[in-house]
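Okay, here's what each chain looks like letter by letter:
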Amino acid sequence: GLIRFGVVDADRVFNLKAHMAFMAKELAHICAQPGGYSLVRFVDKLVKVKLKGQAGKYALIHAEIQGRTKVTDRALFGERMFRYFNLIFAKHQQRYPIASIAIFTGRDGHLLIKSYAYSFMTTRLPFQYSTININELSDEELSSGKNPFAWALFVAKQALLQGRDRDKRLLEKKWFMFQKLYHHGLLKDRKMQAVLNFMEHYLPFEDPGTKRIFRKRIDQLIGKKTTMDIFEQIREMQWQDAVKKGK
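Quick summary incoming for the structure in this document. Residue indices follow the written sequence of each chain, beginning from 1 at its first position. Only residues with pLDDT of at least 70 get local features here, since the model is predicted, and only at 80 or more are side-chain atom pairs given and counted; chain-wide, interface and lining totals rely on the full set of residues. Side-chain calculation: all heavy atoms of the structure are included, whereas hydrogens and water are not.

1. Quick word on the packing of helix α8 (residues 166–183) against helix α9 (residues 190–202)
In this analysis, axes come from line fits to C-alpha atoms, helices being fitted only over the stretch in contact, and the angle between any two N-to-C directions falls in the range 0 to 180 degrees. Only DSSP runs of H or I with at least four residues qualify as helices, and only runs of E with at least two residues qualify as strands; both kinds are numbered from the N terminus onward. Relative to each other, α8 and α9 sit at 170°, their axes nearing to 10 Å. Overall, the two elements α8 and α9 adopt an arrangement that is roughly antiparallel. Together, Lys174, Met177, Phe178 and Leu181 of α8 and Met192, Val195, Leu196, Met199 and Glu200 of α9 make up the contact between the two elements. Taken together, the residues of the contact of α8 with α9 break down into seven nonpolar, no polar and two charged. Between 65 and 115 degrees an angle is taken as roughly perpendicular, under 35 as roughly parallel, over 145 as roughly antiparallel, and anywhere else as oblique. Contacts are assigned to residue pairs that have any heavy atoms within 4.5 Å of one another. Gly falls in the polar group here, along with every residue not listed as nonpolar (Ala, Val, Leu, Ile, Met, Phe, Trp, Tyr, Cys, Pro) or charged (Asp, Glu, Lys, Arg).

Pasting the structure below:
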């Protein structure tokens, strides 16, 4: 989902149906500092993706997810992206081509650096990377399909809502999202269920009354026939999946 949404011509370049390897430990190790401390956070990703039409060939995608940033750190973001790229390149450049993506989820995303350049005397080194700023994406763009990553960005965008009427506006956004997920096969699609769980944990209502209104709308839409609500049903299905895998 992340690669298709964040990389231009992803379907032409990559075999997105093939298995992808998420190299979290590898990224943490590559970017480790003296003493074993790593600058890499849980949300940052290094993904090995199969190249289309090239047997046995892969590429690496480094994705950096950046929320609200201190004013003093904004000018340093491009350099940080370059440092990570350089460390990954030093280890893997003979085996894999590498692409970098920065995903801005804070209100200040438009203020973050989108490139880096080094120069000294006659030495010049420009470094450019792809960027996604959730504030520049419309709800329609993020909710037009079944891409789980696009839906995760939709959720992150709604988390920026503020004001006295936040709950009222959030209710309509979550209701819009639930209807979309439901019509995309929520009750059978495990990825859509994961997105729904993410929404519910990441976008809580402040007023319990608003939460009751939201749950009542859901019950009416799905024609609730049991004492369990949709969230309990999904947790039950996930538990059953876990039991099956454990056998």
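2. Some details on the sheet that holds strand β3 (residues 58–66)
Taken in spatial order, the five strands of this open sheet run β1-β2-β3-β4-β7, and their pairing is mixed. Only two strands of the sheet have a single partner each, and these edge strands are β1 (21–22) and β7 (130–133). Relative to strand β4 (residues 98–104), β3 is paired through seven bridges, and the arrangement is parallel. Bridging across to β4, Leu60 finds its partner in Ile98. Contacts between helix α5 (residues 77–92) and the sheet are confined to β2 (45–50), β3 and β4, with β3 contributing the most and set at about 155° to the helix. Two strands qualify as a pair provided that DSSP identifies no fewer than 2 bridges between them.

3. Structural notes on the pattern of salt bridges
What makes a salt bridge here is a side-chain nitrogen of Lys or Arg within 4 Å of a carboxyl oxygen of Asp or Glu, nothing more. Applying the stated rule across the entire model yields 10 salt bridges. The salt bridge involving Arg80 is made with Glu64; its shortest N-O contact spans 2.6 Å. With Arg80 in helix α5 and Glu64 in strand β3, this pair connects stretches of sequence that are 16 residues apart. Using a 1.4 Å probe on the protein chains alone, a residue whose accessible area is under 20% of its type maximum counts as buried, one over 50% counts as exposed, and one in between counts as partly exposed. Assessed through its relative accessible area of 1%, Glu64 is described here as buried. A salt bridge links Asp108 to Arg74; its shortest N-O distance comes to 3.2 Å. You can see Asp108 sitting in the loop between β4 and β5 (115–120) and its partner Arg74 sitting in helix α4 (residues 71–74), a full 34 residues away along the chain.

4. Some points on the packing of aromatic side chains
Here a ring pair, both rings aromatic, is described through the centre-centre distance and the interplanar angle of the planes. Stacked, edge-to-face and tilted labels apply to pairs of Phe, Tyr and Trp rings (six-membered ring for Trp) whose centres lie within 6.5 Å, assigned for plane angles under 30 degrees, over 60, and everything in between, in that order. One pass over the full model with this rule turns up 13 aromatic pairs. Measuring from ring centre to ring centre gives 5.4 Å for Phe77 and Phe104, while their planes differ by 70°; the resulting arrangement is edge-to-face. With Phe77 in helix α5 and Phe104 in strand β4, this pair connects stretches of sequence that are 27 residues apart. The exposure class assigned to Phe77 is buried, which follows from its relative accessible area of 1%. Relative to Tyr182, the ring of Phe178 has its centre 6.2 Å away and its plane inclined at 15°; by these criteria the two rings are stacked. Taken together, the residues span about one helical turn, with Phe178 and Tyr182 both in helix α8 at a distance of four residues. Since its relative accessible area comes to 0%, Phe178 is described here as buried. In this structure an aromatic cluster arises from ring pairing among Phe77, Phe82, Phe85, Phe89, Phe104, Tyr116, Phe127 and Tyr129.

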